[in-house]
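Breakdown of the fold
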There are 2 protein chains.
Amino acid sequence: MPRPIRAVISQQAMSHNLSVIRQYLDNARQAPVTAADGAQPAPMGATHIWAVIKANAYGHGLETAIGGFAQADGLAMLDLQETERAREAGWQGPLLMLEGFFETRDLPLLQKNRVVSTIHHPEQIRMLQASTLAGPLDVFLKINTGMNRLGFAPQQFDQAHQDLLALQQQGKVGRIGFMTHFADADGAQGAVDVPATVFRDTVGQCQGSISLCNSAAVLRYPQLAVSAADNWVRPGICLYGSSPFANTTGEEFGLRQTMTLQARLLSIQQVKQGQSVGYGSTYTATRDMRIGVVACGYADGYPRSAPSGTPAWVNGVATELAGRVSMDMLTVDLDPIPDAAVGDWVTLWGNNGPHIDEVAAAAGTIAYELLCALAQRVPVHVQYSGESVEK
Amino acid sequence: MPRPIRAVISQQAMSHNLSVIRQYLDNARQAPVTAADGAQPAPMGATHIWAVIKANAYGHGLETAIGGFAQADGLAMLDLQETERAREAGWQGPLLMLEGFFETRDLPLLQKNRVVSTIHHPEQIRMLQASTLAGPLDVFLKINTGMNRLGFAPQQFDQAHQDLLALQQQGKVGRIGFMTHFADADGAQGAVDVPATVFRDTVGQCQGSISLCNSAAVLRYPQLAVSAADNWVRPGICLYGSSPFANTTGEEFGLRQTMTLQARLLSIQQVKQGQSVGYGSTYTATRDMRIGVVACGYADGYPRSAPSGTPAWVNGVATELAGRVSMDMLTVDLDPIPDAAVGDWVTLWGNNGPHIDEVAAAAGTIAYELLCALAQRVPVHVQYSGESVEK
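Keep in mind that this is a model prediction, so the values were computed, not measured.

Below, the discussion takes up the overall build of chain A. A tally of regular secondary structure across chain A gives twelve helices and 18 strands. Relative to the globule expectation of 21 Å for 391 residues, the C-alpha radius of gyration of chain A, 24 Å, shows essentially globular dimensions. By its C-alpha atoms, chain A is 75 × 50 × 40 Å across when sized along the principal axes. Counting every position in chain A, which comprises 391 residues, the buried fraction comes to 60%.

In structure tokens, the structure reads:
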């Protein structure tokens, strides 16, 4: 009865990906320190994983992801309502608000749900100072090590830390950790060296947990994730099976795709050589051919920027887009699938289809954007361990 | 308590835009026939407006749009559940399923809700033939006049029409109308001439309502909308205030924006000349400057493809993006707004901000995609006539 489109979400793939990341960390812990300059400290203490489930768990559904990442050490998100939902879903472990709180009136709920708050701006410290908190709030003090997005500049750090220590004395702040975020962990090799050094120099001898690594840093610089007595990494995209690096797919890291997007053929057109297909007539048939019209468009979250040639699979056979993506439909070359018929499933990305990282690359974007863009109107089928979805 | 972001939807702008389109049609009806070849038939009969509200009314919310387009002659959508919601919302007028039904089991609900169904493929006729419909279903027979997406090829038309007439005799089909869709109504001047001629030649002397014009065709070729005894136009994007044409905005047609996207500044960074901002360090400060971090990212539906330089307004003052759009944040140059402070509203598009058509153009896409992409996590404030939204 709904439009013939669906997203199949695999909780098993989520839990697999989490274990892959855990393995990366374990391997790093056992690896010898190889940095030529000796700047990488030897492994010490424990590494914990915040599974990042912001943005509706990258489009997968918050509750589904909480189940999939049940073995994570903590969950990281952005919205206070998400922390409420996590507690309602039965999650007992730590919760982290990645941008902290936005208003003073957020504080009671943070406290009620035992949420750790990022502190990235003096305004947040002022709110804490002006508040009448009933008990201590655990915080991560965020340092801007060059990304120039969130965080205190190194020269602001001492003041911010002193302020938090004073709040600690007053019982408003509990444990104080330290965090930063890398702008280029997926970029040129070594691009994290300067920010990591800035971070170490800024934190200096201050005691507390630290948190530096996003997906790219965990995969490429795992030594950064196993230093310090208590290290919390923040993988996001890799937990959903995608690579944070250009020109690769998550498969190369042993990750499994967590979302498969499929829609049925709702029409087939016989197109003659020289005829055009779709808006703007951007595709012209170079031969007589069959065009399949698929019930998926950019209003479902499929990227309009995906050009002709973007991979799609019909009945498990690889083919490609032919013509511009419409709001509710897209068109594919059916010549490689001569027996394709109206009603057949087309896989736009995911299992038994093109890798989402390939589709994203073809569309000039990243899998993060495609996953998050999955529209509310797409019915979601959650696949629990071992379960299969009806043909 | 939610993240400091909101979409403000104006029902008044919707109803204004509908009246603008009505005016275009009235003007066309009164205009002399000017086509040099005399191919445009003189105005006759009535023109009706299907207000297109598919894709959650282009991101505006179905029920909100039903209120905004209360003066439309009919509502057009894609999903059977939307027709159910339209009836529940009290809509008594005609409803059109733009892709028709997908399965035989859809037919009873179509009938219950008195929905007009597009018939674009022989498979749908077979379903009707095999069905046991209790009463007649009104249909629009869709003709593929060159877009090669949905519809019967001209050479398939006679058979399809005969089949529908036979079904009419059996009481399964009621009124039969004829429709097509243009691939290039927004393209080169005159690009609809061939498909419009194919349509006329194919339909020939068959009696029934016709439906040809999308937004672009209504605005540019309104004569096509006032021919025939009973003509139904299908405006979509223009009802939401945007232009269907490149390098223009809806304002040039007297249309008002129906969605305003705003988010607050959640941090401000002092950046030194030569420092970079955001992922990939794609923006480098050419001077010491202030960067504002805005609580809106691509997971809210703002396009990641929007480059540095894309317009955004802070406190009513024009400025531009500086650095790559993140999942939950974006960064703007605050130098034109020296008194901007954390908590101030930034308008990403809409009233008292850049036109959504300008933002779409900067991002290499169209307003349709931006509107539809508005994420569920963005709180929506519906503005009824004359109402204002809190600062």
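So, next bit.
Our next topic: the pattern of salt bridges. Evaluation of the coordinates by the stated rule reveals 24 salt bridges over all chains. As a salt-bridge pair, Arg22(A) and Asp73(A) come within 2.8 Å of each other at their nearest N and O atoms. A residue pair is termed long-range when its members are at least 10 positions apart, and Arg22(A) in helix H1 (residues 11-30) and Asp73(A) in the loop between helix H3 (62-68) and strand S3 (74-77) qualify at 51 residues. For Asp73(A), a relative accessible area of 21% gives the class partly exposed. When salt bridges that share partners are traced, they join Arg3(A), Asp300(A), Asp328(A), Arg377(A) and Lys54(B) into one network.

The subject of this paragraph is the interface of chain A and chain B. Across the contact, 64 residues belong to chain A and 64 residues belong to chain B. For the chain A and chain B pair, buried surface summed over both sides reaches about 5,300 Å², with 54% attributable to carbon and sulfur atoms. In this assembly, chain A and chain B are joined by two salt bridges. With a closest N to O distance of 2.5 Å, Asp328(B) and Lys54(A) form a salt bridge. In this structure, the connection of chain A to chain B is made through 26 residue pairs in polar contact (both at pLDDT 80 or more). Those elements giving two or more residues to the side of chain A that touches chain B turn out to be helix H2 (54-58), helix H4 (80-88), strand S10 (259-271), strand S11 (276-277), strand S13 (289-294) and helix H12 (367-372) of chain A. The biggest single contributor to the side of chain A that touches chain B is S10(A), with five residues. Grouping the amino acids of the side of chain A that touches chain B by side-chain chemistry returns 30 nonpolar, 20 polar and 14 charged.

The next subject is the relation of the copies chain A and chain B. Two copies of a chain can be linked by a rotation about an axis combined with a shift along that same axis. Overlaying chain A with chain B gives an RMSD of 0.0 Å, the required rotation being 180 degrees about an axis along which the chain moves by 0.0 Å. Taken together, the rotation and translation relating the two chain copies correspond to the operation of a two-fold axis. The share of interface residues of chain A whose copies in chain B are also at the interface is 100%, consistent with both copies meeting through the same surface.

Listed under "active site" (unreviewed entry) in the UniProt record, and renumbered for this structure, are Lys54(A) and Tyr279(A). The named residues occupy 226 residues along the chain; their greatest pairwise C-alpha distance, 34.8 Å, places them well apart from one another. Its place among the elements puts Lys54(A) in helix H2. The class for Lys54(A) is buried, based on a relative accessible area of 13%. Among the secondary structure elements, Tyr279(A) is positioned in the loop between S11 and strand S12 (283-284). Those residues in contact with Tyr279(A) that lie beyond four places of it in its chain are Arg324(A), Ser326(A), Met147(B), Arg149(B), His181(B), Phe182(B) and Ala183(B).

So, about the environment of Ala65(A). Residues and elements named next belong to chain A. Its location among the elements puts Ala 65 in helix H3. Ala 65 sits 14 residues away from Ala 51 along the chain, and the two C-alpha atoms are 9.1 Å apart. Ignoring sequence-local partners within four residues, the contact set of Ala 65 consists of Met 14, Ile 53, Ala 57 and Tyr 240.

For the rest of this paragraph, the subject is the nonpolar core. In this structure, Phe69(A), Tyr302(A), Phe69(B) and Tyr302(B) are the most contacted members of the largest nonpolar core, which totals 250 residues. Those residues within four positions of Tyr302(B) in sequence are excluded, and the remaining contacts are Glu369(A), Leu261(B), Cys296(B), Gly297(B), Thr310(B), Pro311(B), Leu321(B), Val325(B), Leu330(B), Leu348(B), Trp349(B) and Val359(B).

Inspection of every chain in the model, using the stated rule, returns 16 aromatic pairs over all chains. With 6.4 Å between their ring centres and 75 degrees between their planes, Trp50(B) and Phe140(B) make a pair best called edge-to-face. Of the two residues, Trp50(B) sits in strand S2 (residues 46-52) while Phe140(B) sits in strand S6 (residues 137-142), which places them 90 residues apart along the sequence. The exposure class assigned to Phe140(B) is buried, which follows from its relative accessible area of 5%. With a centroid separation of 5.7 Å and 40 degrees between ring planes, the pair formed by Phe245(B) and Phe253(B) is classed as tilted. Each member of the pair, Phe245(B) together with Phe253(B), is buried. If you follow Arg6(A) out to its NZ or CZ, it ends over the ring of Trp345(A), 4.0 Å from the centre.

Residues and elements named next belong to chain A. Those residues of helix H8 (residues 193-203) that fall on the buried side of the exposure criterion are Pro 195, Ala 196, Phe 199, Thr 202 and Val 203. Summarising the axial view, the buried residues of H8 lie within an arc of 130 degrees, below the 170-degree limit, and thus occupy one face. The exposed set on the far side of H8, more than 90 degrees from its buried face, consists of Val 194 and Asp 201. Along its buried surface, H8 packs onto helix H7 (154-169), strand S7 (173-179), strand S8 (210-211) and helix H10 (223-226). Phi for Gly 204, located one or two positions after H8, is positive at around 55 degrees.

What counts, and at which threshold
Residues numbered from 1 in each chain as written. Chains lettered and ligands numbered in written order. Predicted model: local features only at pLDDT ≥ 70, side-chain atom pairs only at ≥ 80, totals over all residues. Heavy atoms only, no water. Helix = DSSP H or I, 4+ residues; strand = E, 2+ residues; numbered from the N terminus. Rg over C-alpha atoms; globule rule 2.2 N^0.38 Å. Buried < 20%, exposed > 50% of the residue type's maximum accessible area, 1.4 Å probe, protein only. Salt bridge = Lys/Arg side-chain N within 4 Å of Asp/Glu carboxyl O. Contact = heavy atoms within 4.5 Å. Buried area = accessible area lost by both parts, 1.4 Å probe. Polar contact = N/O pair within 3.5 Å; in protein donor to acceptor, adjacent residues only side chain to side chain. Nonpolar A, V, L, I, M, F, W, Y, C, P; charged D, E, K, R; others polar. Least-squares fit on C-alpha atoms with pLDDT ≥ 70 in both. UniProt positions renumbered as here; feature names shortened; annotations may be inferred. Core = buried A, V, L, I, M, F, W, Y, C linked by side-chain atoms within 4.5 Å. Phe/Tyr/Trp six-rings, centres within 6.5 Å; stacked < 30°, edge-to-face > 60°. Lys NZ or Arg CZ within 6 Å of the ring centre and 35° of its normal. Arc of directions from axis to C-beta.

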